[in-house]
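Residue-level structural notes
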Amino acid sequence: MADTLTTWGGWAPSIRDNPFGHFAEARARCPVQRVRLADGHPAWVVLGYDAARQALNDPRISKDMLAALEDNGDVVAEGLPGPEFSRHMLNVDPPDHTRLRRLMSRAFVPSRVTALEPAIRRIAGDLLDGLDEAGPDGTVDLVQGYAYPLPFGVIGELLGIPPADRRLLHAWFQVLLTGWAGDPPAEAVEASGKIVAYLDELVGAKRRSPADDLVSVLVAAGDDALTTQELLSSLFQLVVAGHDTTASLIGNGVVALLDHPGQLQALLADFGQLPAAIDELIRFTAPVPHATFRVTAEPLTLGGVEIPSHEQILVCLGSANRDPGRFPAPDVLDIGRSHGPNLGFGHGIHYCLGAPLARLEARIALEALLGRHPGLGLAVDRDALTWAHGDGLVLRGLLSLPVILGPGPAPGMTDRSH
């Protein structure tokens, strides 16, 4: 059953918008299967929790994309901005990974993450003030007006991107991260080029006038200094990982809570449940349905399936996190779930370095939004929502989320967004 060579990805809208039944059917056939991706490349998709956990931390599975391309140029699509921007910690193995992760970890030490909390609350409050101008009965787009600009503003603070530049840079990334089939369209190539040029200029500016931000810290690194390629690659990866996935978590999470009013009311009654609720929303809504590129460096057995060397491995986090062998009633949203950690942030040496910041942003974003607008509701039919943002594999987000904010908290309630 492993060598099925079915198509994986490029799904019809009905599967794209709700892929979990499709994942479950495939997982029931075999936890590890040979597939062909929508871009035409063969791969092995890992669907079961145990096999996924192994694959995420098996030293026989490499993440060195440049080495894989040199060995077999047809193992993976190069994508945008291209291999020259792929020398970051998600695309290398130890010892380079160890060095790069140690340098990048300076962005996420607890003190720096905690210090961002006032800025996150300010950004959330300012965005909600802007949405409130529509009035309690007006329709607003929660994705474009809140879920995406909030984490992008935070990553701008972290990297020291001037506020005046953030809107334009955000627009370029939105174009670049819009899904497409086949060769990238001209507008994506143009946006990629502008992002590359901007990040190069940003590094130059920080070299000339360092400040208290991550780019300045990395530019001034000592003996472990990043090469220019590593620095630019890492900045690009930080911007994508630092805003897009968190934005999708916020948008996907709001929809999941609206789909489960009992869970929403339980959360409204006690925002102290937010940390656990966020982990459950990550498990349930899969803002990152598949882990990033991996390739076998030598033959191995995964989930009882023998896989040759030089084969691409695609770990389906969205399937593993709904494996009934690991999570009882996996298709039920339960913000009080206590069955141990899920794989939404990965596992092992590549566990998401920004997880503490993502959790903080999501907690503040949901607390501010629901504290100010506990009666929030969809402004369109549920079936009208489309998860067409991203590539459908690594990224899964809403294009838009039209909502009616509704009245503020009832008299006597505290507006917990302030």
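Let me begin by describing the structure that accompanies this report.

Reading the values: rules and limits
Residues numbered from 1 in each chain as written. Predicted model: local features only at pLDDT ≥ 70, side-chain atom pairs only at ≥ 80, totals over all residues. Heavy atoms only, no water. Helix = DSSP H or I, 4+ residues; strand = E, 2+ residues; numbered from the N terminus. Contact = heavy atoms within 4.5 Å. Polar contact = N/O pair within 3.5 Å; in protein donor to acceptor, adjacent residues only side chain to side chain. Pairing = 2+ DSSP bridges.

The next point concerns the environment of R60. Assignment of secondary structure puts R60 in the loop between helix 3 (49–55) and strand 4 (61–62). Separated by 57 residues in sequence, R60 and E117 have C-alpha atoms that sit 39 Å apart. Setting aside its immediate chain neighbours within four residues, R60 contacts Q54, V295, T296, A297, E298, P299 and L300. Within the local environment of R60, its side chain forms a polar contact with the side chain of D58, the two groups lying 2.8 Å apart.

Right, let's get into the sheet that holds strand 5 (residues 139–141). Here we have three strands laid out as an open sheet, ordered 5-11-10, and antiparallel in their pairing. What marks the edges here is a single partner per strand, and that holds for strand 5 and strand 10 (377–378). Summarising the sheet, strand 5 and strand 11 (residues 402–404) pair through three bridges and their orientation is antiparallel. In the sheet register, V140 faces strand 11, and the bridge partner there is V403.

Another aspect to go through is the sheet that holds strand 4. With respect to topology, six strands assemble into an open sheet ordered 1-2-3-9-6-4, the strand pairing being mixed. Each end of this open sheet is capped by a strand with a single partner; those strands are strand 1 (6–8) and strand 4. Across two bridges, strand 4 lies against strand 6 (residues 294–296) in antiparallel orientation. Across the sheet, S62 pairs through a bridge with V295, a residue of strand 6.

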